[in-house]
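The residues making up each chain are set out below.
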Amino acid sequence: MTSMTDMINHHLTDALLMAYSAGTLPEAFSLAVATHVSMCDECRARLGAYDTVGGALLDESETATMEPGSLEATLALIAGSEEARGATAPCQVGSTDDVFPAPVRDYVGGGLDDVKWRPIGMGVKQAILPTVGDAEVRLLHIPAGVAMPDHGHTGTEITLVLKGAFIDDQDRFARGDVEVADEKVNHTPVADIGEDCICLAATEAPLKFKGLMPRIAQPFLRI
Ligand code: ZN
Ligand code: ZN
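Scoring rules and cut-offs
Residues numbered from 1 in each chain as written. Chains lettered and ligands numbered in written order. Predicted model: local features only at pLDDT ≥ 70, side-chain atom pairs only at ≥ 80, totals over all residues. Heavy atoms only, no water. Donors = N, O, S within 2.8 Å, 3.2 Å for Na, K, Ca; no water. Buried < 20%, exposed > 50% of the residue type's maximum accessible area, 1.4 Å probe, protein only. Pairing = 2+ DSSP bridges. Helix = DSSP H or I, 4+ residues; strand = E, 2+ residues; numbered from the N terminus. Salt bridge = Lys/Arg side-chain N within 4 Å of Asp/Glu carboxyl O. Polar contact = N/O pair within 3.5 Å; in protein donor to acceptor, adjacent residues only side chain to side chain. Core = buried A, V, L, I, M, F, W, Y, C linked by side-chain atoms within 4.5 Å. Domains from an automatic or database assignment. Contact = heavy atoms within 4.5 Å. Arc of directions from axis to C-beta.

With that out of the way, let us pick up the coordination of the zinc ion (ligand 1). Protein ligation of the zinc ion (ligand 1) involves His11 (ND1), His36 (NE2), Cys40 (SG) and Cys43 (SG), the donor distances falling in the range 2.1 to 2.3 Å. Of note, the donors binding the zinc ion (ligand 1) are all from one chain and are spaced H-x24-H-x3-C-x2-C. Residue His36 shares its accessibility class with Cys43, and that shared class is buried.

This is how it looks when you write it as structure tokens:
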């Protein structure tokens, strides 16, 4: 039996992990990064290394200004958040709930059955998750064998597979895999024939769809 991590072939970039560690990512991207990290031992280890380096730099710059007792307070905070993580970590028993890792469950306020989908054409559905800032993060439900509407980006896009798989160009992305695209990429991910695909996608700016209908619909659908 192989663990989920053994099957993840597409990972986060160093730039994204570094920015997440430094706390400089918009909320939408933080959610996508946190979700992949929660599924991927390899990226969790890489993130740990950045956290250590960042923590050491912070120690150096803040040692002089630390109040008495602040170290204890910080450690208590960390202990508290570890407890909170531990409380949400165990897998929920149940079929559909296994689709969403804890970070996504928090934003959805539950499991797959709690998502408020909106159709965006060709059987594709989306649900934009509430975040602050210009970046947006959405859940996408793409029926088996159907292509994402043809689109470009004005910035970085992270697409993380939560269920099923999609093919983009020659690459196959399955549960846990993450595709990082930028404005130079015009791609058309197509869901696998066998199963509907559910993805979490974070975009720096609204997607630019190229077909006439999607472009007309864009202001209304916020895609
Ligand atoms: Zn990874
Ligand atoms: Zn894209």
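Next, the rest of the story.
Before going further, it helps to examine the sheet that holds strand 7 (residues 171-174). The strand order across the open sheet formed by three strands is 7-6-9, and the pairing between neighbours is antiparallel. With partners counted over all chains shown, the strands left at the sheet margins are strand 7 and strand 9 (190-191), one partner each. Of the pairings in the sheet, the one linking strand 6 (residues 165-168) to strand 9 comprises two bridges and is antiparallel in character. In the strand pairing of strand 9, Phe166 is matched with Ala191.

Using the criterion set out here, one finds five salt bridges in the structure. Here Asp14 makes a salt bridge to Arg46, at a shortest N to O gap of 2.9 Å. Of the two residues, Asp14 sits in helix 1 (residues 14-22) while Arg46 sits in helix 3 (residues 41-62), which places them 32 residues apart along the sequence. The partner of Lys163 in a salt bridge is Glu195, and the shortest N-O contact between them spans 3.3 Å. Within this pair, whereas Lys163 is found in strand 5 (residues 157-163), its partner Glu195 is found in the loop between strand 9 and strand 10 (197-203), the two being separated by 32 residues in sequence.

To continue, consider the side chain of Glu179. Within the secondary structure, Glu179 sits in strand 8 (residues 178-181). A distance of 3.4 Å separates polar atoms of two side chains, one belonging to Glu179 and the other to His187.

Another point: the nonpolar core. As a rule of thumb, nonpolar side chains are buried together in soluble globular proteins. Formed by 34 residues in total, the largest nonpolar core has its most connected members in Leu12, Phe100, Leu139, Leu162 and Leu200. When contributions to this core are tallied by element, the ones reaching two or more residues are helix 1, helix 2 (27-39), helix 3, helix 5 (102-108), strand 2 (124-129), strand 3 (136-142), strand 5 and strand 10. The element contributing the most residues to this core is helix 2, with seven residues. There are two domains that each give this core at least three residues, and those are domain 1 (4-88) and domain 2 (110-221). Apart from the residues lying within four places of it in its own chain, the contact partners of Phe100 are Arg105, Val108, Gly110, Gly111, Leu112, Val115, Leu139, Leu162 and Ile198.

Here we come to unusual backbone geometry. Not every positive phi belongs to a glycine, and Met122 is a case in point at roughly 55°. Assignment of secondary structure puts Met122 in the loop between strand 1 (118-121) and strand 2. Met122 sits in the exposed class, given a relative accessible area of 69%. One non-glycine residue with positive phi stands out, namely Asp169, at about 60°. Position of Asp169 relative to the elements: it lies in the loop between strand 6 and strand 7.

Here the focus is helix 1. Among the residues making up helix 1, those that are buried are Leu16, Leu17 and Ala19. Along helix 1, the residues classed as buried sweep out an arc of 165° about the axis, all on the same side. What points out from helix 1, more than 90 degrees from its buried face, is the exposed set Ala15 and Ala22. Two residues or fewer past helix 1, Gly23 is found with a positive phi of approximately 75°.

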